Amino acid sequence: MKRVLKFVFAALGYRVQATGRVPRQLLDPVPLRTIEFDDIVCRHMFEFG
């Protein structure tokens, strides 16, 4: 399953990697923004359109 997800994200231009320690700022959910389908479509149009 991990390989499939890595392949899918790589096809979209993302690289998935693990870190040994997660910075405290990333654990706070307030500054995080969810990636929605529109974001992916706009990025694809910007890069390839």
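Residues numbered from 1 in each chain as written. Predicted model: local features only at pLDDT ≥ 70, side-chain atom pairs only at ≥ 80, totals over all residues. Heavy atoms only, no water.

## Overview of the pattern of salt bridges
Throughout the structure, instances matching the rule amount to one salt bridge. Here Arg-43 ties to Glu-47 by a salt bridge, and the two come within 3.0 Å at their closest N and O atoms. With Arg-43 and Glu-47 both in helix α3 (residues 37–48), this residue pair falls four residues apart, about one helical turn. On the basis of relative accessibility, which here comes to 27%, the residue Arg-43 falls in the partly exposed class. (Salt bridge = Lys/Arg side-chain N within 4 Å of Asp/Glu carboxyl O. Helix = DSSP H or I, 4+ residues; strand = E, 2+ residues; numbered from the N terminus. Buried < 20%, exposed > 50% of the residue type's maximum accessible area, 1.4 Å probe, protein only.)

## Describing the confidence of the model for the protein
With 92% of its residues at a pLDDT of 70 or more, the protein has an overall mean of 83. Mean pLDDT across the elements of the protein bottoms out in helix α2 (residues 24–27) (74) and peaks in helix α1 (residues 2–11) (89). (pLDDT = per-residue confidence, 0-100.)

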